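# Close look at the chain arrangement
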Amino acid sequence: MTQENIFSLLGRSGPFATGDRPPSLVPFSPEARIFAKGLAEAGMRTRYRILRNQIFEFLDVRTFAGIQAIINDPARRKLANERAYRLLGNMFGIEGSAREVILRVNTYSRTADGVINYLKGKVLANYASYIEMTNEIDSCKSPVDLMLILFDDRYHKKARFEAKRKLILMNLAASIDQRERETEVEGKFGQFLDFLNEHVWSKKTRIGELEIVYLLSDHDPETFACAKVEVVSREQARGVERKANQKLTLIKRRRFQANGTEVPIYVSIRKKQSEAKVLKLLRKGEENPAVAVDDELGLMGVVDSVAEVKAFQKHLTQSATRAGSLMTLEEVSDTLSGGHHSGSVGSSAKTQMFKFFARMGGMRVEFIVHTNRSYLNYIYEREVSHDEYEVKRIFDSGVAQLLFPQDIYEIDIAEKKEAVLRWFRKRIEEF
């Protein structure tokens, strides 16, 4: 995380670190002089002036003393809230009545809380009691009220840090929402589903009709990589007595037609949720979603063989042409037959998949296509599984430490990486 972006404000060292007491509001005080010296030493005086001016404009004050006046005056706080919601609505291009703007901005609060609750409920579930949010911050939706908490000595250091963290996450959520509205992601997701139903999936089945089968797989005891896999029916699965290092994985398959043959395919289609996008911005240290989030729409498919992977890719291209659009493939990566996967922080070079971005019909969609074997490795193989990848990218990118610093949460979260990975491995292999 560089000092040039918004994430530096969460750092636990330097002039912007949340201290035991709020920033001094008294000019020329000893605390103010120490703060000014810290700014000069860190080369952050320009960043400070920009932030100070933004805070003053946001709260409609001219000095830090004016902030204290708003804290102590409910009527001024109410006016500041009304004004701030109006300004934020204009800044992020939110249309509608004052109430609609407030409701939209408040969804950014829910997204910010959702980021923390997601980590608390999954990756860091074993440490949930350590990283639980302060009730007053969890329930606060207003950006003005959160801002005032930063300067309110009644609040503990942890609460003030969480208020600042929530404001930063809300800002990212707002940028993402603005980007989604500008690029019409919701509409394109609907178009993508229509394209699949009209031109890709077999017409011999109804929309949403799925065939339930199971993958019965044997796994290497050393790596838990898939050594053997066969497709079994529901009836056959009922009679299976699982042995050691064996998995029975349910999949629900659609069909597409290739060379006159109906080919079964398991499909997972998704529009990346706002919480996931915020986490991606944090991992990349990037404030602009247009730069960092390039996989808003995506499809993962699983077929029986490498030959069927190629057949599906060809079928997609032909389907796009039938729909009246050329399809071009970008950033193609194929490691199904060997080679090393080159991915983001936390990913394994041993990951096998056929991955590409398809540009068609005004959309750019990420496709990941697996064989049954590579899909099972994506779920179960040691060092490769997606659950492990999710853990590693949160820790290796520094996001866990950034959001849950040790001096605030009484836990060195960075040291828990291996324990979290062991817990996920145990759950993967034993259940």
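Predicted model only: the values in this text are computed from it and were never measured.

Conventions adopted
- Residues numbered from 1 in each chain as written.
- Predicted model: local features only at pLDDT ≥ 70, side-chain atom pairs only at ≥ 80, totals over all residues.
- Heavy atoms only, no water.
- Helix = DSSP H or I, 4+ residues; strand = E, 2+ residues; numbered from the N terminus.
- Buried < 20%, exposed > 50% of the residue type's maximum accessible area, 1.4 Å probe, protein only.
- Contact = heavy atoms within 4.5 Å.
- Axes fitted to C-alpha atoms, helices over the stretch in contact; angles between N-to-C directions.
- Left-handed = near helix turned anticlockwise from the far one by under 90°.
- Nonpolar A, V, L, I, M, F, W, Y, C, P; charged D, E, K, R; others polar.
- Pairing = 2+ DSSP bridges.
- Core = buried A, V, L, I, M, F, W, Y, C linked by side-chain atoms within 4.5 Å.
- Phe/Tyr/Trp six-rings, centres within 6.5 Å; stacked < 30°, edge-to-face > 60°.
- Expected span 1.5 Å × (residues − 1).
- Arc of directions from axis to C-beta.
- Polar contact = N/O pair within 3.5 Å; in protein donor to acceptor, adjacent residues only side chain to side chain.

### As for the overall build of the protein chain
Secondary structure assignment for the protein chain yields 19 helices and 8 strands. Dimensions of the protein chain along its principal axes, counting C-alpha atoms only, are 80 × 50 × 35 Å. Taking all 431 residues of the protein chain together, the buried fraction comes to 47%. Summarising the internal contacts of the protein chain: among those between residues at least 6 apart in sequence, 70% fall at separations of at least 24.

### Here's the deal with the packing of helix 5 (residues 98-121) against helix 9 (residues 157-183)
Where helix 5 contacts helix 9, the axes come no closer than 8 Å and their chain directions differ by 120°. Helix 9 is crossed by helix 5, and the crossing has right-handed handedness. Together, R104, V105, Y108, S109, T111, A112, D113, V115 and I116 of helix 5 and R165, K166, L169, M170, A173, A174, D177 and R181 of helix 9 make up the contact between the two elements. Here the residues of the contact of helix 5 with helix 9 sort into 9 nonpolar, 2 polar and 6 charged.

### Points about the pairing of strand 2 (residues 226-232)
Inspection of the sheet shows strand 1 (residues 211-219) paired to strand 2 by 6 bridges, in the antiparallel sense. The residue bridging L215 from the neighbouring strand is V231, located in strand 2. Joining the antiparallel neighbours strand 1 and strand 2 is a turn of 6 residues, in which F224 adopts a positive phi near 60°.

### As for the nonpolar core
Counting 77 residues, the largest nonpolar core has L59, I67 and L282 as the members making the most contacts within it. The element that contributes the greatest number of residues to this core is helix 9, accounting for 11 residues. In contact with L59, not counting residues within four places along its chain, are I67, I70, R83, V144, M147 and L148. Counting 29 residues, the second largest nonpolar core, distinct from the first, contains F195, V263, V267 and M327.

### Description of the packing of aromatic side chains
Under the criterion given, the structure shown has 14 aromatic pairs. Ring geometry for F354 versus F356: centroids 5.2 Å apart, planes at 50°, classification tilted. By relative accessible area, F356 is classed as buried at 1%. Judged by centre distance (5.2 Å) and plane angle (15°), the rings of F356 and F367 are stacked.

### Here we look at unusual backbone geometry
One non-glycine residue, F224, lies in the positive phi region at around 60°. Residue placement: F224 occurs in the loop between strand 1 and strand 2. Although it is not a glycine, E410 sits at a positive phi angle of roughly 60°. Taking relative accessible area as the criterion, E410 reaches 64% and is therefore assigned exposed.

### Focus on helix 19 (residues 417-430)
With 14 residues, helix 19 extends 20 Å from end C-alpha to end C-alpha; this agrees with the ideal 20 Å at 1.5 Å per step. All of the buried residues along helix 19 are K417, V420, L421, F424, R425 and I428. Within helix 19, the buried residues cover an arc of 135° as seen down the axis, which keeps them to one side. Along its buried surface, helix 19 packs onto strand 3 (246-258), helix 15 (372-380) and helix 16 (386-396).

### Topic: the side chain of T134
Structurally, T134 is set in the loop between helix 6 (128-131) and helix 7 (135-138). A polar atom in the side chain of T134 sits 3.1 Å from the side chain of K158. Side chain to side chain, T134 and E162 meet in a polar contact 2.8 Å long. Once residues within four sequence positions are removed from consideration, T134 is found in contact with K158, A159 and E162.

### Describing the sheet that holds strand 8 (residues 363-371)
For sheets, the rule is that strands pair by backbone hydrogen bonds, running either parallel or antiparallel. Taken in spatial order, the 8 strands of this open sheet run 2-1-3-4-5-8-7-6, and their pairing is mixed. Looking at strand neighbours, the two that pair on one side only are strand 2 and strand 6 (328-334), the edges of this open sheet. Going from strand to strand, the sheet's axes swing by 35° on average, the running direction of each strand aside. Where strand 6 meets strand 7 (residues 354-360), 5 bridges bridge the pair, whose relative direction is antiparallel. Residue pairing in the sheet places L329 in a bridge with A358 of strand 7. Packing of helix 10 (residues 185-200) onto the sheet brings it into contact with strand 3, strand 4 (261-271), strand 5 (297-303), strand 7 and strand 8, and relative to strand 4 it is tilted by some 175°.

Purely spatial values, then, with no claim about function.
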